Amino acid sequence: GLDLLMHLAKLSGGDKIGDLCAGSGGTAVACQLLNLDFWGAELCPEAVEITKARLAFWESLSDAERVRVVHGDKLAKVIAARDKRMKKECSDGAH
């Protein structure tokens, strides 16, 4: 699944990942979540449209929502609490 693709993308050691058989975009999504540059090639126009939709979905999510989808609720709650704490610290420091 997505966890495996993210792990493999990290193992590359680079900041650019290429996929000559991009399919429905699993590697593209993993790269998006890891902030890696991605380029892909795919012959099937329907698969390209699925990839575009998947990337748009992930782009629309907050960091906490992304974590929840990939790793489950427990870690997502930790990230959400961290974000809330950081916002409070920023607003307290701004006054």
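The structure under discussion appears in the preceding block.
These lines cover the structure that appears in this document, whether it is placed above or below. Note that the structure is predicted; figures quoted are calculated from it, not measured.

What follows deals with the nonpolar core. Counting eight residues, the largest nonpolar core is built from Leu2, Met6, Val29, Ala30, Leu33, Trp58, Leu61 and Val70. Within the residue set of this core, elements represented by two or more residues are helix 1 (2–11) and helix 2 (26–33). Per-element tally for this core: the top contributor is helix 2, with three residues. Once residues lying within four places of it in the same chain are set aside, the contact partners of Trp58 are Leu2, Val29, Gln32, Leu33, Arg66, Val69 and Val70.

The next thing to look at is the environment of Ala28. Along the chain, the position of Ala28 falls in helix 2. Sequence separation of Ala28 and Ala9 is 19 residues, and the distance between their C-alpha atoms is 9.9 Å. Setting aside its immediate chain neighbours within four residues, Ala28 contacts Phe38, Thr51 and Leu55.

Bringing the packing of aromatic side chains into the picture now. One pass over the structure, following the stated rule, counts one aromatic pair. Relative to Trp58, the ring of Phe57 has its centre 5.5 Å away and its plane inclined at 80 degrees; by these criteria the two rings are edge-to-face. For Phe57, a relative accessible area of 40% gives the class partly exposed.

Right, let's talk about helix 2 for a bit. Most of helix 2 sits out of view: eight of its eight residues are buried. Buried residues in helix 2 make contact with helix 1, strand 1 (16–19), strand 2 (37–40), helix 3 (45–60) and helix 4 (63–71). One or two steps after helix 2, the chain reaches Asn35, where phi turns positive at roughly 60 degrees.

As a further point, take the environment of Cys31. Along the chain, Cys31 falls in helix 2. Accessibility expressed as a relative area gives 0% for Cys31, which makes it buried. In this structure the C-alpha to C-alpha distance between Cys31 and Asp92, which are 61 residues apart in sequence, comes to 35 Å. With near-sequence residues (within four places) excluded, Cys31 lies in contact with Ile17, Leu36 and Phe38.

It is a general feature of regular strands that their side chains alternate between the two faces of the sheet. Burial along strand 1 is one-sided: Ile17 and Asp19 are buried, and none of Lys16 and Gly18, which face the opposite way, are. Across four bridges, the pairing between strand 1 and strand 2 is parallel. Paired with Lys16 across the bridge in strand 2 is Asp37. In this fold, strand 1 hands off to helix 2, which returns the chain to strand 2; that crossover is right-handed.

A few words now on the environment of Leu20. Relative to the elements of secondary structure, Leu20 occurs in the loop between strand 1 and helix 2. You can call Leu20 exposed: its relative accessible area is 64%.

Criteria and thresholds
- Throughout this document, residue positions are counted from 1 along each chain, in the order its sequence is written.
- Local features are withheld for residues below a pLDDT of 70 in this predicted model, meaning they are given only at 70 or higher, and side-chain atom pairs are given and counted only at 80 or more; totals for whole chains, interfaces and linings count all residues.
- Side-chain metrics rest on all non-hydrogen atoms present in the structure, leaving aside hydrogens and water.
- Residues grouped as a nonpolar core are buried Ala, Val, Leu, Ile, Met, Phe, Trp, Tyr and Cys residues, joined through side-chain atoms within 4.5 Å.
- Residue burial is assigned from relative accessible area. The probe radius is 1.4 Å, only protein chains are included, and a residue is buried under 20% of its type maximum, exposed over 50%, and partly exposed in between.
- Secondary structure is summarised from DSSP: a helix means a run of H or I of at least four residues, a strand means a run of E of at least two, and numbering begins at the N terminus for each.
- Throughout, a residue-residue contact means that at least one pair of heavy atoms, one from each residue, lies within 4.5 Å.
- A pair of aromatic rings is counted whenever rings of Phe, Tyr or Trp (Trp by its six-membered ring) have centres within 6.5 Å, and the orientation is called stacked for planes under 30 degrees apart, edge-to-face for over 60 and tilted otherwise.
- The rule for pairing is simple: two strands pair if DSSP sees at least two bridges between them.
- When the strands point away from the viewer and the path from the first strand over the helix to the second turns clockwise, the crossover is right-handed.

Nothing here speaks to function; it is all geometry.
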